[in-house]
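# Structural description and commentary
Here are the chains, one letter per residue:
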Amino acid sequence: MASTLSDLTQLAIIASAFFMPVFTYIYFTRSQQKKSSAGPLPASTEITALYIHPIKSCHGISVQSAKLLPTGLDLDRQWMWVTYPNYEFLTIRNNARMTLIRPSYDAKSDTLTVTAPAPDSIDEKLEFSIPAHPSEEWLNKNTSTHDAKIWNQWTPARVYSSDLTASFNAFFSKEVRLVYKASLYDEPRPLRSNGTPNVLGRDASTCFPDLMPLLVGNESSIAELNTRLKAAENLTIDVRRFRPNILVKGNPSAPWDEDRWKTLRVTPKGQHGGKPLVFDITQRCARCHVPNVDPVTAEEHKRQPWDTLMKYRRIDEGIKFKPCYGMLCVPREAGKIKVGDKFEVVEVTDKHRYIAGF
Ligand SMILES: *[C@@H]1O[C@H](CO)[C@@H](O)[C@H](O)[C@H]1NC(C)=O
Ligand SMILES: *[C@@H]1O[C@H](CO)[C@@H](O)[C@H](O)[C@H]1NC(C)=O
Ligand SMILES: *[C@@H]1O[C@H](CO)[C@@H](O)[C@H](O)[C@H]1NC(C)=O
């Protein structure tokens, strides 16, 4: 009896020695398949444009290089117009003319100059200038502190004097204030939505963008959208309507490949050294009607590209009532980023799902 048992045990040992590798093989093949269900990694490409939008909802600036801060590109959405006395954000969603407010940056004097067409005049301009990187001392002297509201989130901000911005009350037809987020020395604005620590895996913050520090877009997708708009309404739009920060070159054969990007790596071009920068994609960017506004003229198209996007870009299970363009992301480190830098997708996923954030 005892010897039969030991025979059985031996048999079991032999059997498991044979089957274990088989099961292990099946297990790994399946998990490999699971991993690759998001598809292979796209070929590496390069950054073709960088945009900063110093004042939320106002005109953007195309730049050749930019400093990357943990909160986003330096000078991007660090300023914002708010109502007075409520300190609630003013947005292009309600006032398309905000895109006529043009910030410009002078590197030599490190100054941001803000202009806008004066009401009731063809050639007059409203204008003021402020330090682009104000010291804490300058801010303490020239600004006051007040919380400002973006969507339903209050965050501390520096408020410029009403004297400085007074001429812009006429532009808005109401009393307004300009506020600033000193990301270096003031309380950060923690990320919400897919950027909370339990989803992202770490604490991260930004200045005044709606949701995340950066928006990355792929040129191929705009090209594909434009073929549809051309066919539907003889219309071609500029990617700047989507207000991306980083634009990459695509390959027109399979547009919207960015929908599955998960982790990105940007490597400096040439010999100036510098380590690669890594970015975590948090989610797809769900769009509102803002891309219907021409950023140069502030004219708002009644239907496009909204109608076209609604037909085929409602692709995120988490936000089915909005179309998506571009990917929102959070940098892992600070550094410098340039047009021409190598851009790689190092991880893809089929698990993106938008978590409402406002
Ligand atoms: C900032 O404060 C300094 C010192 O009080 C003053 O000289 C300067 O004009 C102020 N600048 C602005 C733009 O208010
Ligand atoms: C399409 O638009 C272009 C530029 O606005 C114009 O020159 C052209 O005549 C239009 N074509 C048609 C078919 O309407
Ligand atoms: C950009 O889109 C094109 C077309 O879908 C695609 O071939 C390319 O891989 C995309 N770029 C990246 C970096 O994913």
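Here, the structure is the one placed above.
Within each chain, residues carry numbers counting from 1 in the order of the written sequence. A letter from A marks each chain and a number from 1 marks each ligand, given out in the order of writing. Owing to the predicted nature of the model, reporting of local features is limited to residues with pLDDT of at least 70; listing and counting of side-chain atom pairs is limited to 80 or more, with chain, interface and lining totals taken over all residues. Derived side-chain values reflect all non-hydrogen atoms in the structure, with water molecules and hydrogen atoms excluded from consideration.

### Quick word on the sheet that holds strand 19 (residues 335-338)
- Strands are labelled as partners when DSSP assigns at least two bridges between them. The helix and strand labels rest on DSSP assignments: H or I over at least four residues marks a helix, E over at least two residues marks a strand, and numbering proceeds from the N terminus. The strand order across the open sheet built from 3 strands is 4-3-19, with neighbouring strands paired in antiparallel fashion. Of all strands in the sheet, those bounded by a partner on one side alone are strand 4 (72-73) and strand 19.
- Pairing between strand 3 (residues 65-69) and strand 19: 4 bridges, direction antiparallel. The residue of strand 19 that forms the bridge with K67 is K336.

### Some details on the side chain of R260
- By secondary structure assignment, the location of R260 is in the loop between strand 15 (246-248) and strand 16 (261-267).
- At 2.8 Å, the side chain of R260 forms a polar contact with the backbone oxygen of P40.
- Other than its neighbours up to four places away in sequence, R260 contacts A38, G39, P40, L41, P42, E347, V348, T349 and H352. By the criterion applied in these results, polar contacts are pairs of N or O atoms within 3.5 Å in which, for protein atoms, one can donate a hydrogen and the other can accept it, and in which residues neighboring in sequence qualify only through two side-chain atoms. Whether two residues are in contact is decided by their heavy atoms: any pair within 4.5 Å suffices.

### Here we look at helix 6 (residues 219-233)
- Expected helix span is taken as 1.5 Å per residue step, with the number of steps being one fewer than the number of residues. The end-to-end C-alpha distance of helix 6, which contains 15 residues, comes to 20 Å, matching closely the 21 Å that a straight helix rising 1.5 Å per residue would cover.
- Any residue under 20% of the maximum accessible area for its type is buried, any over 50% is exposed, and the rest in between are partly exposed; the area is computed with a 1.4 Å probe on protein chains only. Taken as a whole, helix 6 has its buried residues at S220, S221, I222, E224, L225, N226 and L229.
- Each element contacted by the buried residues of helix 6 is listed here: strand 14 (214-218), helix 7 (306-312) and strand 18 (324-331).
- Residue N234 follows helix 6 closely and has a positive phi angle near 55°.

### Some details on the environment of K311
- Examined against the element boundaries, K311 turns out to sit in helix 7.
- Judged by its relative accessible area of 72%, K311 is exposed.
- With 12 residues separating them in the primary sequence, K311 and P323 have C-alpha atoms 8.3 Å apart.

### Some details on unusual backbone geometry
- Cis geometry is adopted by the peptide bond preceding P85, which originates at Y84 and carries an omega value of 10°.
- Relative to the assigned elements, P85 resides in the loop between strand 5 (79-83) and strand 6 (102-106).
- Here the bond from Q304 into P305 is cis, since omega is 0°, no more than 30 degrees from zero.
- For P305, the location among the structural elements is in the loop between strand 17 (277-286) and helix 7.
- At W151, a position not held by glycine, the phi torsion is positive, near 50°.
- Its identity as a non-glycine residue notwithstanding, S193 has a phi of 55°, on the positive side.
- Summarising the element assignment, S193 is placed in the loop between strand 12 (189-190) and helix 5 (197-200).

### Concerning the layout of surface pockets
- Two kinds of site are reported from a 1 Å grid over the protein atoms alone, namely cavities, where a 1.4 Å probe fits but cannot get out, and pockets, open sets with protein on both sides within 12 Å along at least five of seven lines, and residues are called lining when an atom falls within 4 Å of a point. Grid points are joined across faces, edges and corners, and a volume is the space filled by probe spheres set on the points. Looking at the largest pocket, its volume works out to about 540 Å³.
- Along its surface, the largest pocket is lined by 30 residues, and R93, D210, C285, A286 and R287 are the ones closest to its centre.
- Secondary structure elements with two or more residues in the lining of the largest pocket: strand 14 and strand 17.
- Gly is put with the polar residues, along with every residue not named as nonpolar or charged; the nonpolar set is Ala, Val, Leu, Ile, Met, Phe, Trp, Tyr, Cys and Pro, and the charged set is Asp, Glu, Lys and Arg. Looking at the lining of the largest pocket residue by residue, the class counts come to 20 nonpolar, 3 polar and 7 charged.

### Quick notes on the environment of L75
- Mapped onto the fold, L75 is located in the loop between strand 4 and strand 5.
- Put simply, L75 and C207 are 132 residues apart on the chain and 9.6 Å apart in space, counted from C-alpha to C-alpha.

### Regarding the sheet that holds strand 8 (residues 125-131)
- Across the sheet, 3 strands lie side by side as 6-7-8; this open sheet has antiparallel pairing. Each end of this open sheet is capped by a strand with a single partner; those strands are strand 6 and strand 8. For this sheet, the mean inter-axis angle between neighbouring strands, taken without regard to orientation, is 20°. Convention adopted: a line fitted to C-alpha atoms gives each axis, helices being fitted over their contacting stretch, and angles between N-to-C directions are expressed from 0 to 180 degrees.

### Some words on the side chain of T91
- By the element assignment, T91 lies in the loop between strand 5 and strand 6.
- Here T91 is in contact with S57 and M98, once residues within four sequence places are set aside.

### Structural notes on the pairing of strand 1 (residues 45-52)
- Where strand 1 lies against strand 20 (residues 342-348), 2 bridges are found, and the strand directions are antiparallel. Paired with E46 across the bridge in strand 20 is K342.
- Where strand 1 and strand 15 come together, 3 bridges link them in antiparallel fashion. Across the sheet, I47 pairs through a bridge with V248, a residue of strand 15.
- Sheet topology note: the strand 1/strand 2 (residues 61-63) ladder contains 3 bridges and is antiparallel. Each bridged residue has a counterpart across the sheet, and for I52 the counterpart in strand 2 is I61.

### Some details on the packing of aromatic side chains
- Pairing of aromatic side chains here covers Phe, Tyr and the six-membered ring of Trp, requires ring centres within 6.5 Å, and sorts the geometry by plane angle: under 30 degrees stacked, over 60 edge-to-face, intermediate tilted. Taken as a whole and judged by the stated rule, the model has 14 aromatic pairs.
- A centroid spacing of 5.8 Å and a plane angle of 70° characterise the contact between Y84 and Y87, whose relative ring orientation is edge-to-face.
- Each member of the aromatic cluster is reached from another via a ring pair, and the members are W81, F128, F168, F171 and F172.
- Look at NZ for Lys and CZ for Arg. If either is within 6 Å of the ring centre and within 35 degrees of the ring normal, a charge sits over the ring. The residue whose ring lies beneath R177 is Y84, and the NZ or CZ to ring-centre distance is 3.7 Å.

### A look at the pairing of strand 7 (residues 111-117)
- For strand 7, the tally of buried residues reaches 6 of 7 residues, placing the bulk of the element in the interior.
- The pairing of strand 6 with strand 7 spans 5 bridges and is antiparallel. Looking at the pairing, R102 lines up with T115 of strand 7.
- Linking strand 6 back to strand 7 in an antiparallel pair, the connection comprises 4 residues, with D110 at a positive phi of about 50°.

By themselves these figures say nothing about function.
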